[in-house]
Amino acid sequence: MTNRIGGKTALVTGATAGIGEAIARRLAAAGVHLILTGRRTQRLDALARELEDREAVAVTTLRLDVRDREAVERELPPILEKSPVDILVNNAGLALGLEPLDKGSVEEWERMIDTNIKGLLYVTRLVMGRMRERNRGHILNLGSIAGEVAYPGGNVYCATKAAVHMLTEAMNADVLGTRIRIGTIAPGAVDTEFSDVRFGGDKTKRDAVYEGYTPLSAEDIADLALYILNAPEHVNIQHARIMPTAQRNPYLLDRDGTI
Ligand code: NDP
Ligand code: 8X3
């Protein structure tokens, strides 16, 4: 496949684990320079060193909690001025708990809303403005099938991902007439630290999520991300849904162990 992204610069939020880390690795292998963010600095620094050594790309790291609007507005602009961003991957996100709404934790709701919606907005506002000035850029948001079909206990998480999907549509409307492209990847079950975070490290609950079938890996999502980001400039893949073969929607999941 023609490499159309080598030499570009990508900002990946939540690059310390799972899908964000896998996308960072794939982008680096394609010769894309990186700005990697997340809260766990040791992981960021180790990944940066590894990718700089192996792939000969420039990697900048930034410890950033996307919920912290002041920090985003203080820390990000100087980096964006120095290294204009061609690709933004809005990946940082999480689910917490699986309780019915009336038994839910307000604190957990706020963390999900602040990260998955507001954090994405804080970062995107700064990056998209600069993309508009340059009349180019590609933004890829991590949505979820949870944003399309609600499941019991998913309530606030599902709502945050539905918001991400609608924001992708709205942002596309806002950049009509520019060369900026905006898309969402909506995955089903991906085996990452997602369920460790959701269940507060409860290994039994976490393992049960992926029992009896082969879930997607973070690398599967990174492959799709690379396909979308590497598409020719006239191609804007706005929404891509991806699930394990054993899963057809959040309810239909074949756990008989054959797939
Ligand atoms: P992981 O838990 O493995 O990774 C989440 C990443 O997000 C980490 O790098 C974490 O970094 C970062 N992050 C979380 N909160 C913040 C914050 N406040 N500020 C900055 N970074 C943050 O999960 P996944 O890789 O699976 O999830 C990535 C995205 O994919 C999420 O948006 C998730 O909703 C979505 N998704 C996941 C699916 C799955 O089944 N795994 C399916 C569908 C969508 P750190 O802790 O260092 O800050
Ligand atoms: C993650 C997929 O189905 O666990 O967004 O919500 S699901």
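Read on for an overview of the structure.

Some points on the site of ligand 2
- Lining the immediate environment of ligand 2, one finds S144, A146, Y151, Y157, F194 and R198.
- Within the side chain of S144, an N or O atom sits 2.5 Å from an oxygen atom of ligand 2.
- Note that an oxygen atom of ligand 2 is positioned 2.6 Å from one of the side-chain N or O atoms of Y151.
- Within the complex, the protein chains bury 82% of what would otherwise be the 240 Å² of accessible surface of ligand 2.
- Class assignment of the residues belonging to the shell around ligand 2 gives a composition of four nonpolar, one polar and one charged.

Quick word on the pairing of strand β4 (residues 87–90)
- The two faces of β4 match: I87 and V89 on one face and L88 and N90 on the other face are all buried.
- In this sheet, β4 lies alongside strand β1 (residues 9–12) in parallel orientation, the contact comprising three bridges. What sits directly across from V12, in β4, is V89.
- Pairing analysis gives four bridges linking β4 to strand β5 (residues 138–142), with the strands arranged parallel. Each bridged residue has a counterpart across the sheet, and for V89 the counterpart in β5 is L140.
- What joins β4 to β5 is helix α4 (residues 106–134), and the crossover it makes is right-handed.

Notes on the site of ligand 1
- In the region of ligand 1, 30 residues are neighbours, and T16, I19, R39, Y157 and T192 sit closest.
- Separating an oxygen atom of ligand 1 from a backbone N or O atom of G188 is a distance of 3.5 Å.
- Residue E193 places a main-chain N or O atom 3.1 Å away from an oxygen atom belonging to ligand 1.
- For ligand 1, the protein covers 96% of the area, taking 880 Å² as the surface of the free molecule.
- Contributing elements (two or more residues each) for the shell around ligand 1: α1 (18–29), α5 (155–174) and α6 (194–198).
- The residue inventory of the shell around ligand 1, partitioned by class, reads 13 nonpolar, eleven polar and six charged.

Examining the side chain of N141
- As for its position among the elements, N141 is in strand β5.
- Reaching out from N141, the side chain makes a polar contact with the side chain of T168 at a distance of 3.0 Å.

Description of the pattern of salt bridges
- Under the defined criterion, the tally for this structure stands at 22 salt bridges.
- The salt bridge involving R26 is made with D223; its shortest N-O contact spans 2.7 Å. Placement of R26 in helix α1 and of D223 in helix α8 (residues 218–229) is noted, with a sequence separation of 197 residues between them.
- A salt bridge links E73 to R125, with the nearest nitrogen and oxygen atoms 3.9 Å apart. Linking E73 in helix α3 (residues 69–82) with R125 in helix α4, this pair joins segments that are 52 residues apart in sequence.
- With relative accessibility at 33%, the residue E73 sits in the partly exposed group.
- Residue R125 is classed as exposed on the basis of its relative accessible area, which comes to 60%.
- Connected through salt bridges with shared partners, the residues E21, R25, E50, R54 and E55 form a single ionic network.

Some thoughts on the nonpolar core
- Core analysis: the largest hydrophobic core is formed by 37 residues, its most contacted members being I23, L27, L34, L36, I185 and I221.
- Mapped onto this core, the elements with two or more residues apiece are β1, α1, β2 (33–38), α2 (41–55), β4, β5, α8 and β7 (239–242).
- Counting residues per element, this core draws most heavily on α8, at eight residues.
- Discounting residues that sit within four places of it in the chain, I221 has contacts with I19, L142, I185, P187, V190, L216 and I242.
- In terms of nonpolar packing, the next biggest core, distinct from the first, is built from 25 residues, L64, L76, V85 and L88 among them.

Definitions and cut-offs
- Residues numbered from 1 in each chain as written.
- Chains lettered and ligands numbered in written order.
- Predicted model: local features only at pLDDT ≥ 70, side-chain atom pairs only at ≥ 80, totals over all residues.
- Heavy atoms only, no water.
- Near = heavy atom within 4 Å.
- Polar contact = N/O pair within 3.5 Å; in protein donor to acceptor, adjacent residues only side chain to side chain.
- Areas by Shrake-Rupley, 256 points an atom, 1.4 Å probe, with all protein chains shown as cover.
- Nonpolar A, V, L, I, M, F, W, Y, C, P; charged D, E, K, R; others polar.
- Buried < 20%, exposed > 50% of the residue type's maximum accessible area, 1.4 Å probe, protein only.
- Helix = DSSP H or I, 4+ residues; strand = E, 2+ residues; numbered from the N terminus.
- Pairing = 2+ DSSP bridges.
- Right-handed = clockwise from strand over helix to strand, strands pointing away.
- Salt bridge = Lys/Arg side-chain N within 4 Å of Asp/Glu carboxyl O.
- Core = buried A, V, L, I, M, F, W, Y, C linked by side-chain atoms within 4.5 Å.
- Contact = heavy atoms within 4.5 Å.

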